[in-house]
Amino acid sequence: MNSFICTMLLIFLLFIPACHDWRADAEKALKSQGYTDIKINGYKMFACGRSDDYNEGFEATSIAGVRVQGVVCMGILKGSTIRTF
């Protein structure tokens, strides 16, 4: 019985990130840095580091008025990192 409870708890904890709205977090991070006209493009493979749990690609207008592309790297226990290219 004890192993069943531990297994169910582990499964529950693994699915918590899947229920999170990562797109909203990426848009919030971009807006807080002054980006406008934001278009979220979805997941970008190999764009972030090992400590990042998820990412969202984007196109936006920077504070300088330049159109940029990049990715917002996010983690459950850390903040967001914006990388442009």
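Please refer to the structure higher up on the page.
Owing to the predicted nature of the structure, the values given are computational and were not obtained by experimental measurement. (Residues numbered from 1 in each chain as written. Predicted model: local features only at pLDDT ≥ 70, side-chain atom pairs only at ≥ 80, totals over all residues. Heavy atoms only, no water.)

Attention now moves to the state of the cysteines. Summed over all chains, the structure comprises one disulfide. A sulfur-sulfur distance of 1.9 Å marks the disulfide that ties Cys48 to Cys73. On the sign convention where negative means left-handed, the S-S torsion of about -80 degrees between Cys48 and Cys73 marks this disulfide as left-handed. In this pair, Cys48 is assigned in the loop between β1 (36–42) and β2 (54–61) and Cys73 in strand β3 (residues 67–75), connecting sequence segments 25 residues apart. On the basis of relative accessible area, Cys73 is assigned to the buried category, the value being 0%. (Disulfide = S-S within 2.5 Å. Helix = DSSP H or I, 4+ residues; strand = E, 2+ residues; numbered from the N terminus. Buried < 20%, exposed > 50% of the residue type's maximum accessible area, 1.4 Å probe, protein only.)

Attention now goes to the pairing of β3. Of all nine residues making up β3, seven are buried, and the element is well covered by its neighbours. Here eight bridges tie β2 to β3, and the two strands are oriented antiparallel to one another. The residue of β3 that forms the bridge with Ala60 is Val68. Between β2 and the antiparallel strand that follows it, β3, lie five residues; Gly65 among them carries a positive phi value of about 85 degrees. In terms of strand pairing, β3 meets strand β4 (residues 78–84) through six bridges, oriented antiparallel. Counterpart to Val72 in the pairing with β4 is Ile82. Hairpin remark: β3 followed by β4, antiparallel, with two residues in the connecting loop. (Pairing = 2+ DSSP bridges.)

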